[in-house]
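# Tertiary structure, described
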Amino acid sequence: MSGREGHVALVTGAGTGIGAATARLLAERGMHVALAGRRRELLDETARAVEAAGTRALVLAGDLGDSAVPKRLVEETVQALGRLDVLVNNAATIAVGPLDAFTLEQIDRHLAVNTRAPLLLTQEAVPPLAASPDGAIVNVSSSVGSIVKPGNGLYGMTKAAVEYLTRASAYELADRRIRVNAIAPGPVETPIHEVWADDLAAAYADLSRRIPLGRMAVSEEIAVWVWTLVDPDTAWTTGNVIHVDGGQVLGLPPDAGG
Ligand SMILES: NC(=O)c1ccc[n+]([C@@H]2O[C@H](COP(=O)([O-])OP(=O)(O)OC[C@H]3O[C@@H](n4cnc5c(N)ncnc54)[C@H](OP(=O)(O)O)[C@@H]3O)[C@@H](O)[C@H]2O)c1
């Protein structure tokens, strides 16, 4: 018994990578899961894995760049699954390049998807989470929210904002007994790297060389921390950003050569 049996989670970006692994793990822990993202066929795939674990899945297609979508996601989750106990703000977009080259469209899209959507989802989720015996939010940041990496200025700015949102909402929602924490992963093998890497194998080798523990993670190694932060056994922590990054924020390994 996990203590979350029958509880409901809403996971954004649940069709791929960390979000899909998180949805699968929450289902294995007995939770019903609403799965949000743009590509329905990928969400359907995660839904089949959730159902195979023995709980209910709800597929909710929508673009988080649209400010009307967060309200709809929360409403449809509560309508179809009856409650909301856990919100996982995981979806994000990334473009890599010099800060002075980003277009207005790229800037607006990053702010909308990576920063505004988690805030709007948090706002919409407050009433059902406050009604839960154990309401919890996990925001997925990035090590890039703390360390400056060339080309990651826009993405990193939105992740730093997510970490501030985590602390601010943890503080403001504590009186409603909603806890809010964040995970800041280092490099994880997911489709997000296809956006910027022409040669994925070379990019992964380069990233691994720059991580003190010498390798990238797989999504399941991040999902387990999402679970840890919503596990009823860890309920007396809020406002934290947990770095799950093989030591990346500590600095380069001595032999990385800069
Ligand atoms: N992988 C890493 O190295 C790494 C490191 C640090 C932090 N992170 C963070 O981990 C989280 C998950 O990323 P990932 O690595 O698992 O990459 P991913 O597989 O590319 O997942 C990103 C997800 O976000 C969804 N998404 C993107 N734009 C969206 C939009 N406008 N509306 C709705 N959904 C949208 C995507 O689905 P659709 O395209 O179907 O909408 C996708 O499922 C992100 O917050 C990312 O910043 C990843």
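Structural data are supplied above this passage.
Residues numbered from 1 in each chain as written. Predicted model: local features only at pLDDT ≥ 70, side-chain atom pairs only at ≥ 80, totals over all residues. Heavy atoms only, no water.

## Structural notes on the side chain of Thr-122
Tracing the sequence through the fold places Thr-122 in helix H4 (residues 104–131). In terms of polar contacts, Thr-122 uses its side chain to reach the backbone carbonyl oxygen of Pro-118, at 2.7 Å. Setting aside residues no more than four positions away along its own chain, Thr-122 makes contact with Leu-87, Asn-89, Ile-137, Ser-169 and Leu-173. (Helix = DSSP H or I, 4+ residues; strand = E, 2+ residues; numbered from the N terminus. Polar contact = N/O pair within 3.5 Å; in protein donor to acceptor, adjacent residues only side chain to side chain. Contact = heavy atoms within 4.5 Å.)

## Overview of the packing of helix H1 (residues 17–28) against helix H7 (residues 219–230)
Look at H1 against H7: their axes get within 8 Å of each other, and the N-to-C directions meet at 50 degrees. Relative to H7, the element H1 is oriented oblique. Pair H1 / H7 crosses with right-handed handedness. The residues of H7 that touch H1, namely those facing Gly-17, Ile-18, Ala-21, Thr-22, Arg-24, Leu-25 and Leu-26, are Ser-219, Glu-220, Ile-222, Ala-223, Val-224, Val-226, Trp-227 and Val-230. Partitioning the contact of H1 with H7 into residue classes produces 10 nonpolar, 3 polar and 2 charged. (Axes fitted to C-alpha atoms, helices over the stretch in contact; angles between N-to-C directions. Parallel < 35°, antiparallel > 145°, perpendicular 65-115°, else oblique. Left-handed = near helix turned anticlockwise from the far one by under 90°. Nonpolar A, V, L, I, M, F, W, Y, C, P; charged D, E, K, R; others polar.)

## Here we look at the site of the ligand
Around the ligand sit 29 residues, and of these Thr-16, Arg-38, Asn-90, Tyr-155 and Thr-190 come closest. Interatomic distance of 2.8 Å between a backbone N/O atom of Leu-64 and a nitrogen atom of the ligand. Separating an oxygen atom of the ligand from a side-chain N or O atom of Tyr-155 is a distance of 2.5 Å. Listed by contribution, the elements that provide at least two residues to the shell around the ligand are H1, H4 and helix H5 (153–173). (Near = heavy atom within 4 Å.)

## Considering the packing of H1 against helix H2 (residues 40–52)
Here H1 crosses H2 at 20 degrees, and the two axes come no closer than 8 Å. Judged on the interaxial angle alone, H2 and H1 are roughly parallel. Between H1 and H2 the crossing geometry is right-handed. Along its contact with H1, which presents Ala-20, Ala-23, Arg-24 and Ala-27, the element H2 presents Thr-46, Ala-49 and Val-50. Of the residues that constitute the contact of H1 with H2, the class distribution is 5 nonpolar, 1 polar and 1 charged.

## Here we look at H1
Taking 1.5 Å of rise per residue, 12 residues should cover 16 Å, and H1 covers 17 Å from first to last C-alpha, within 8% of that figure. Packing partners of the buried residues in H1 comprise strand E1 (8–12), strand E2 (32–37), H2, strand E4 (86–89), strand E6 (179–185) and H7. Of the residues flanking the end of H1, it is Gly-30, one or two places downstream, whose phi is positive at about 100 degrees. (Expected span 1.5 Å × (residues − 1).)

## Comments concerning the pairing of E2
Most of E2 sits out of view: 6 of its 6 residues are buried. Taking every second residue as pointing to the same face, both faces of E2 are buried, with His-32, Ala-34 and Ala-36 on one and Val-33, Leu-35 and Gly-37 on the other. Of the pairings in the sheet, the one linking E1 to E2 comprises 5 bridges and is parallel in character. Bridged to Ala-9 within E2 is Val-33. For the crossover that starts at E1, traverses H1 and ends in the parallel E2, the hand is right-handed. Note that E2 and strand E3 (residues 57–61) share 5 bridges and pair parallel. Counted as the bridge partner of Leu-35 is Val-59 from E3. (Buried < 20%, exposed > 50% of the residue type's maximum accessible area, 1.4 Å probe, protein only. Pairing = 2+ DSSP bridges. Right-handed = clockwise from strand over helix to strand, strands pointing away.)

So far we have only geometry, and geometry alone does not tell us how the molecule works.
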